[in-house]
Amino acid sequence: MPSVTVPCQFCTTLNRIDTSKFGQGPKCAECGRPFLLDRPLKVAEDAFDQTVLKADIPVLVDFYADWCGPCRMMAPYLDEIARAEQGRLLVVKVDTDRSPQISQRYNIRSIPFFGRFEHGELVKTAIGAVGKAGLQDLAA
Ligand SMILES: [Zn+2]
């Protein structure tokens with residue numbers, strides 16, 4: 001069964017979750033609060049490798065910052081894709097200001113920067129306000 005290791009959005013504990021259970025309201029083993037997997041998950045630098053690189057399903061990562069206007073413009077499209085692709089594609093948001101090492105690793109100089117990861121490899125990227133079509137291209 002494919003699974004992902006994702007941080008609880010409340011207590012940041014990493015939980016391993018079967019993708020087949022995404023729709024069944026999985027709860028955090030530590031704090032008991034629900035995982036809401038039909039929307040983008042915020043992932044901090046220390047959880048990036050476990051969550052993004054070790055996932056059994058493709059991962060779409062939005063590298064963003066709170067002050068970035070085009071990032072905010074793209075957010076609703078990202079939400080839509082997370083909902084539509086639940087269980088097939090993990091959608092992750094990485095705050096570039098709080099994750100400078102990850103930004104450096106992937107040489108991210110301009111945001112929003114969207115990357116599709118498969119089995120630990122960055123296989124496809126899109127930069128800027130690429131619209132819904134641009135994101136769908138990465139999600140497919
Ligand atoms: Zn928790």
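Along each chain, residue indices are assigned from 1 in the same order as the chain's sequence is written. Per-residue local features are limited, in this predicted model, to residues with pLDDT of at least 70; the limit for side-chain atom pairs, both in listing and counting, is 80 or more; totals at the level of whole chains, interfaces and linings are taken over all residues. Based on all heavy atoms of the structure, the side-chain values leave hydrogens and waters out of the count.

Draft legend 1. Here's a closer look at the nonpolar core. Here the nonpolar core consists of buried residues drawn from Ala, Val, Leu, Ile, Met, Phe, Trp, Tyr and Cys, with membership extended through side-chain atoms lying within 4.5 Å. When accessible area is computed with a 1.4 Å probe and restricted to protein chains, residues below 20% of their type maximum are described as buried, those above 50% as exposed, and intermediate ones as partly exposed. Grouped together as the largest cluster of nonpolar side chains are 31 residues, with contacts concentrated most on Phe48, Val61, Phe63 and Leu90. Counting from the N terminus, the helices are DSSP H or I runs at least four residues long and the strands are E runs at least two residues long. For this core, the elements supplying multiple residues, two or more each, are strand E1 (3-7), helix H1 (48-53), strand E4 (59-64), strand E5 (90-95) and strand E6 (113-118). The biggest single contributor to this core is E4, with 4 residues. Two residues form a contact once any of their heavy atoms are found within 4.5 Å. Sequence-distant contacts of leucine 90, defined by excluding residues within four places in its chain, comprise Val4, Val6, Phe22, Leu41, Thr51, Ile57, Pro58, Val59 and Leu60. Formed by 12 residues, the second largest nonpolar core is a distinct cluster that contains Leu60, Ile81, Phe114 and Ala126.

Draft legend 2. Expanded view of the coordination of the zinc ion. Around the zinc ion, the protein contributes the donor atoms Cys8 (SG), Cys11 (SG), Cys28 (SG) and Cys31 (SG), at 2.3 Å from the metal centre. Shown as donors are all N, O and S atoms within 2.8 Å of a metal ion, widened to 3.2 Å for Na, K and Ca; because water is not in the atom set, sites may appear incomplete. Irregular is the label for any site that misses the other tests, which are tetrahedral for four donors with all angles between 85 and 135 degrees, and square planar for four donors or octahedral for six when opposite donors exceed 155 degrees and the remaining angles lie between 65 and 115. Considering all 4 donor atoms around the zinc ion, angles at the metal cover 106 to 116 degrees and the coordination shape is tetrahedral. Counting the intervening residues between successive donors of the zinc ion yields the motif C-x2-C-x16-C-x2-C. One end of the pair, cysteine 8, is in the loop between E1 and strand E2 (14-18); the other, cysteine 31, is in the loop between E2 and strand E3 (41-42), with 23 residues separating them in the sequence. We classify cysteine 31 as partly exposed; its relative accessible area is 33%.

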